[in-house]
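Tertiary structure, described
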Amino acid sequence: MAAEPTLLEISHVKKYFPRKKPTFRQSQEWLKAVDDVSLTIPRFYSVGLVGESGCGKSTLGRTILRLHAPTGGRVVFEGQPLFDMEGKQWLPEARMRDLRKDMQMIFQDPYGSLNPRLTVGQAVEEGVARHHVVPAADRRAYCEEILENCGLEKKFYMAYPHEFSGGQRQRIVIARALALKPKFVVCDEPTAALDVSIQSQILNLMMDLREELNLTYLFISHNLRVTQAFCDEIVVMYLGKIIEQGPAEEVCSHPVHPYTQALINSLPVSNPWETKPKAQILGSIPSAVHIPSGCRFHPRCPYATPRCQEDEPAWKDIGGGHCAACHLI
Amino acid sequence: MSKFWERLRAFHGRGKLEGEYVSVANLSWRKFCRNRLAVFSLIVLVLIAVISFLAPLITPYSYSEIDLTLARQPPSPEHILGTDEYGRDMLTRLIYGGRVSMTMALAAMLLQLVIGVVLGCLAGYFGSWVDAFIMRLTDVFMCFPFYIMAVCLAAIVEPGLKNLVLIIGFLSWTGICRIVRAEILSLKENDYILAARSLGIRPGAIIRRHILPNILSPILVAATLSIAGGIMSEASMSFLNLGVRTPESSWGNMLSAAQSMQALVSEWWRWVPPGLMIVIVVLSINYVGEGLRNALDPRISN
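Residues numbered from 1 in each chain as written. Chains lettered and ligands numbered in written order. Predicted model: local features only at pLDDT ≥ 70, side-chain atom pairs only at ≥ 80, totals over all residues.

This part covers the overall build of chain B. Within chain B one finds 15 helices and zero strands. Seen through its principal axes, chain B has C-alpha atoms that stretch 75 × 65 × 30 Å. Within chain B, buried positions represent 38% of all 302 residues. In chain B, 67% of the contacts between residues at least 6 apart in sequence involve partners at least 24 apart. (Helix = DSSP H or I, 4+ residues; strand = E, 2+ residues; numbered from the N terminus. Buried ≥ 20, exposed ≤ 12 C-beta atoms within 10 Å, placed from the backbone. Contact = placed C-beta atoms within 7 Å.)

Written out as structure tokens, the structure is:
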């Protein structure tokens, strides 16, 4: 698998949101949602991006698709730079729109991401027509087939989004993205809004489609267990930065960063008699406006040393593609 | 035969049949047809339009010929609505006036709508300097008192129907523009706009397919109100002799011609009919607008 060529290369991507400037103060404050993230996604891989709410996962996903204007960094898709802020390269908007056929996004909120005025058929056909995925005469049949693959019967073709349940809507959202036959799909917590029984259906569906269409996924989730089952590789983010990365099984069985350890310890276990150490993270995620000095996890880390407050830990490889950023390794 | 009845019932009350394939436009039309008030109003409007259009065939009198011997006659079999102060048949003038007033109000509304919606969309969707520029422009337009501007413009260009439409249209698009912009600003934050962008849809198509249909109701409301406003502006401008000039008739200048105390007190036939027509037309347009709004919104079912 490691021999597969790179599909997407993300280097030093930053996304800062300006904060409202207080009157009489000169300096502009920034909310550093994504702060220098580098990641390489090989073809046909599923990379899971985990982290707690507000750590910049969704922002990263949207920034690499250029749905947010990036602040810095470079993203290269199949050898084609989408943007390179330092090199002042910027793929023209029209070219970018054409390229979107290959890079799709499955949105988190199935209620907000469907236009209430378009029928299911119209919603799915729109992108197919835009990118001429199939000849116009076959479009309808093709979209019906995609919807059927996603578990929606033909008779729903003319129905409006408000007639569906959350799970069904999520299927429409998936069908809409996959109808373009993309190569790369960002899944932004596709199951977060659904109940557990529907979650597994949707995940199985996405796994089947992955085999069928040779997809590459960037799977954003706050659910480590789902990610473990779904992905080849796991990337853990904390406060806008990647802190640990490695093969899914490896990261879950031998987490090295204290944050990842705590995340895994906090997973509920299926056996009620099984005891395990309590998660040891204190407090909640600090504001991304005032990022702690040194290691950004130190205020909440149970093992923090004075050094952690001063030096930012370097990226260390601990073998087998498993890397982490912590002074204690 | 039973199939036929089933279809008829579907048309008049029950929505689409199970498994029946209907286009979106067809479905909206059926929904509109089920709104009795809207259908009735539409019929009234069409009727008024047809009668106005066929005016020369309907009335034997001329709308402009003066005969002072017949001045100020109350309704009679010859002159159903009486005559005005120059002895012209009121019904004839009412019908011809309908032509002018309705064409004018519709045309001015369309002009406002086009300018307001286009500029509002540009400002709301693209933001930054485009927004700033267009909003300052609307501020400038809103700063001018309408009647002073309108009177000046009408004095510079020749007063007349066409110029009146242009003046009203160019001076009153600001309201619609601001409504459209404000609606788009809040709508733009929806995930489905982001989803459309991520599908690679062009900005024009996003505005057309995803934004405009979703802000249809405020636009329709503003448009129907602006028709009423248009008829009123036309009346005032005609009153100042800067709009439709006599002997040409319009509901507005008929009303203003009847503004003497004598007419108001003892010659009701000179001001009730044109006033009533304005009320009927404005109300009908409002009801049609509302019916249209409900019919085009898939979330509302009746």
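The helix and strand inventory of chain A stands at 10 helices and 13 strands. Looking at chain A residue by residue over its 329 residues, the buried ones come to 42%. Within chain A, residue pairs in contact and separated by at least 24 positions form 64% of the contacts whose partners lie at least 6 positions apart.

What follows covers the interface of chain B and chain A. Buried accessible area, meaning the area lost when the parts come together, often serves as the stated size of an interface. Taken together, the contact between chain B and chain A spans 18 residues of the former and 24 residues of the latter. Among the elements that make up the side of chain B that touches chain A, the one with the highest residue count is helix α10 (residues 191-198) of chain B (six residues). When the residues that make up the side of chain B that touches chain A are grouped by side-chain class, the tally is eight nonpolar, six polar and four charged. (Nonpolar A, V, L, I, M, F, W, Y, C, P; charged D, E, K, R; others polar.)

All right, on to the packing of helix α5 (residues 90-126) of chain B against helix α12 (residues 216-239) of chain B then. All names here are of chain B. It is the contact of α5 with α12, at a shortest axis distance of 8 Å, that shows an interaxial angle of 135 degrees. Classified by the interaxial angle, the pair formed by α5 and α12 is oblique. Handedness of the crossing formed by α5 with α12: right-handed. Listed contacts from α12 to S101, M104, A105, L106, A108, M109, Q112, L113 and V117 of α5 are I219, A223, S226, I227, G230, I231 and E234. Grouping the amino acids of the contact of α5 with α12 by side-chain chemistry returns 11 nonpolar, four polar and one charged. (Axes fitted to C-alpha atoms, helices over the stretch in contact; angles between N-to-C directions. Parallel < 35°, antiparallel > 145°, perpendicular 65-115°, else oblique. Left-handed = near helix turned anticlockwise from the far one by under 90°.)

So, about the sheet that holds strand β7 (residues 103-106) of chain A. All names here are of chain A. Read across the sheet, eight strands follow the order β7-β8-β9-β3-β10-β11-β13-β12 without closing on themselves; strand pairing throughout is mixed. Each end of this open sheet is capped by a strand with a single partner; those strands are β7 and β12 (316-317). Pairing analysis gives two bridges linking β12 to strand β13 (residues 323-324), with the strands arranged antiparallel. Following the sheet pairing, D317 is matched in β13 by C323. (Pairing = 2+ DSSP bridges.)

What follows deals with the sheet that holds strand β4 (residues 72-77) of chain A. Residues and elements named next belong to chain A. Reading across the sheet, the five strands line up as β2-β1-β4-β5-β6 and stay open at both edges, with antiparallel pairing between neighbours. The open sheet terminates on both sides in strands that have one partner only, identified here as β2 (30-42) and β6 (89-90). Taken strand by strand, helix α1 (residues 57-64) contacts β1 (6-18), β2 and β4, and its axis lies near 115 degrees from that of β1.

Core analysis: the biggest nonpolar cluster contains 89 residues, and V47, L49, V124, A175, L218, F219 and V236 of chain A have the highest contact counts within it. When residues in this core are grouped by element, the largest group, six residues, is from helix α5 (residues 166-178) of chain A. Of all hydrophobic cores here, the second largest spans 59 residues; its members include L81, A150, V180 and I184 of chain B. (Core = buried A, V, L, I, M, F, W, Y, C linked by C-beta atoms within 7 Å.)

Here we take up the environment of A105 of chain B. All names here are of chain B. Structurally, A105 can be placed in helix α5. The buried category is assigned to A105, around which 28 C-beta atoms lie within 10 Å. For the pair A105 and E183, spaced 78 residues apart in sequence, the C-alpha to C-alpha distance is 25 Å.

Now for the pairing of strand β3 (residues 46-50) of chain A. Residues and elements named next belong to chain A. The element β3 is extensively covered by neighbouring structure, given that five of its five residues are classed as buried. Residues S46, G48 and V50 of β3 are buried on one face, and the alternating residues V47 and L49, pointing to the opposite face, are buried as well. As paired elements, β3 and strand β10 (residues 233-238) share four bridges and run parallel to each other. The partner of G48 across the bridge, within β10, is I234.

Moving on, we come to the environment of D89 of chain B. Relative to the helices and strands, D89 of chain B is located in the loop between α4 (55-58) and α5. Along the backbone, D89 of chain B and H79 of chain B are 10 residues apart, and their C-alpha atoms lie at a distance of 6.1 Å.

Once that is clear, we can look at α10 of chain B. In terms of residue burial, α10 of chain B counts as a mostly covered element, since seven of its eight residues are buried. When α10 of chain B is considered as a whole, its buried residues turn out to be D191, Y192, I193, A195, A196, R197 and S198 of chain B. Where α10 of chain B is buried, its residues meet β7 of chain A together with α9 (174-187) and α11 (203-211) of chain B. Among the residues trailing α10 of chain B, G200 of chain B stands out with phi positive, at a value near 85 degrees.

Moving on to unusual backbone geometry. Residues and elements named next belong to chain A. With phi around 55 degrees, N214 is a residue other than glycine that occupies positive phi space. Note on placement: N214 falls in the loop between α6 (196-213) and β9 (216-221). Residue class for N214 comes out exposed when judged on the 11 C-beta atoms lying within 10 Å of it. Backbone geometry places L239, a non-glycine residue, at a positive phi of 50 degrees.

Here the focus is the packing of α5 of chain A against α6 of chain A. Residues and elements named next belong to chain A. For the pair α5 and α6, the least separation of the axes is 11 Å and the interaxial angle reads 15 degrees. On the basis of their axis angle, the class for α5 and α6 is roughly parallel. In the crossing of α5 with α6, the sense of the turn from one axis to the other is right-handed. Together, G167, Q170, I174 and L178 of α5 and I198, I202, L205, M206, L209 and L213 of α6 make up the contact between the two elements.

Time to look at the confidence of the model for chain A. Averaged over every residue, the pLDDT of chain A is 86; residues scoring 70 or more account for 97%. Here α6 of chain A stands out as the element of chain A with the lowest mean pLDDT, 83, in contrast to β7 of chain A, whose mean of 92 is the highest. (pLDDT = per-residue confidence, 0-100.)

Bringing the environment of F230 of chain A into the picture now. Residues and elements named next belong to chain A. Within the element layout of this structure, F230 appears in helix α7 (residues 224-230). When the 22 C-beta atoms within 10 Å are taken as the criterion, F230 is described as buried. Along the sequence, F230 and L203 sit 27 residues apart, while their C-alpha atoms lie 7.7 Å from each other. If we ignore the near neighbours within four places in the chain, the residues touching F230 are S46, G48, L203, M207 and F219.

In this section: the confidence of the model for chain B. Residues and elements named next belong to chain B. Here chain B averages 85 in pLDDT, and 91% of its residues register 70 or above. Across chain B, the element-wise mean pLDDT spans from 56 in helix α1 (residues 2-14) up to 93 in helix α6 (residues 128-143). Across the interfaces of the predicted complex, the ipTM metric reaches 0.85, alongside a pTM of 0.80.

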